[in-house]
Amino acid sequence: MITKMMIRSFSALLLIMLFCTCGPSPEKETAVETPVAVASQSVSYSSISLDRLEYLYDNATYMDATFYNLPVSINQSSLEQIRTTLAGVGEAPATIAANCSPSGHIWFQVNGKNIEEADIYFQEGCVAYVWYENGKPAFGNEMTQNGIGFYQNIINSVKTQAGGGN
């Protein structure tokens, strides 16, 4: 009888120790807080190289864009459509303010292979593309007035459809 009681006590103690040791370590808590501190500052990017954009301009076969807060996506498969979208990429490098967040993401393909991708920033005071390299944001370009108009037309179209034409 003592052995069953000891086994139960020992099991309960092991279980309690397991729960106590499963919490995050202080190092992990610090690591979680660090990006918040970094995100409180604006981030400046250099422009994506003209060679990379020219390659897309001459060779892209497909473009896909999704939006995080809109019930719409964009798919383009004609070179002329894709060129119109690319014309919205400005020459000026982008600085993304701390209070900005991406509105969507865009991918450009050549013959079924993703070649370039970028976050789309489209909100007041923050209209830019932030291009990825090796899975991380690496370059940024401000949007042209044509690019701003392109996305504003999409937003207006979604609002019109959602509001029944109002």
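Just above, that's the structure.
All values derive from a computational prediction rather than experimental measurement. (Residues numbered from 1 in each chain as written. Predicted model: local features only at pLDDT ≥ 70, side-chain atom pairs only at ≥ 80, totals over all residues. Heavy atoms only, no water.)

A. Geometry of the overall build of the protein. Secondary structure summary: the protein contains five helices and nine strands in total. What you see in the protein, going N to C, is helices and strands ordered as α-α-β-α-β-β-α-β-β-β-β-β-β-α. Counting the 166 residues in the protein, one finds 28% classified as buried. Once local pairs closer than 6 in sequence are excluded, the contacts in the protein between residues at least 24 apart make up 57%. With an accessible surface of roughly 10900 Å², the protein has 58% of that area assigned to carbon and sulfur atoms. (Helix = DSSP H or I, 4+ residues; strand = E, 2+ residues; numbered from the N terminus. Buried < 20%, exposed > 50% of the residue type's maximum accessible area, 1.4 Å probe, protein only. Contact = heavy atoms within 4.5 Å. Areas by Shrake-Rupley, 256 points an atom, 1.4 Å probe, with all protein chains shown as cover.)

B. Layout of the pattern of salt bridges. Summed over all chains, the structure comprises four salt bridges. The partner of E133 in a salt bridge is R52, and the shortest N-O contact between them spans 2.9 Å. In this pair, E133 sits in strand 8 (residues 126-133) while R52 sits in helix 3 (residues 50-59), placing the two residues 81 residues apart along the sequence. Taking the relative accessible area as the measure of exposure, R52 reaches 22% and is therefore partly exposed. The salt bridge involving R83 is made with E80; its shortest N-O contact spans 3.3 Å. Linking R83 with E80, this pair stays in helix 4 (residues 79-86), spanning three residues, or about one helical turn. Residue classification places E80 among the exposed residues on the basis of a relative accessible area of 52%. (Salt bridge = Lys/Arg side-chain N within 4 Å of Asp/Glu carboxyl O.)

C. A look at the packing of aromatic side chains. Applying the stated criterion to the full structure yields six aromatic pairs. Seen in terms of ring centroids, F67 and Y151 are 6.1 Å apart; in terms of plane orientation they differ by 70 degrees. Their pairing is edge-to-face. Separated by 84 residues along the polypeptide, F67 in strand 2 (residues 62-67) and Y151 in helix 5 (residues 145-162) bring together distant segments of the chain. Measuring from ring centre to ring centre gives 5.8 Å for F122 and Y151, while their planes differ by 50 degrees; the resulting arrangement is tilted. Note that F122 is positioned in strand 7 (residues 113-123) and Y151 in helix 5, a separation of 29 residues in sequence. Y151 carries the same exposure label as F122, and that label is buried. Through a chain of ring-to-ring contacts, the aromatic side chains of F67, F108, F122, Y129, W131, F150 and Y151 assemble into a single cluster. If you follow R83 out to its NZ or CZ, it ends over the ring of Y57, 4.4 Å from the centre. (Phe/Tyr/Trp six-rings, centres within 6.5 Å; stacked < 30°, edge-to-face > 60°. Lys NZ or Arg CZ within 6 Å of the ring centre and 35° of its normal.)

D. Structural view of the pairing of strand 3 (residues 73-76). Of the two faces of strand 3, only the one carrying I74 and Q76 is buried; S73 and N75 on the other face are not. Here strand 2 folds back onto strand 3 in antiparallel fashion, the turn holding five residues. (Pairing = 2+ DSSP bridges.)

E. View of the packing of helix 3 against helix 4. Direction vectors running N to C along helix 3 and helix 4 enclose 155 degrees, while the axes themselves pass 8 Å from each other. Between helix 3 and helix 4, the angle is such that the two are roughly antiparallel. Contacts from L53, L56, Y57 and D58 in helix 3 reach L79, R83 and L86 in helix 4. (Axes fitted to C-alpha atoms, helices over the stretch in contact; angles between N-to-C directions. Parallel < 35°, antiparallel > 145°, perpendicular 65-115°, else oblique.)

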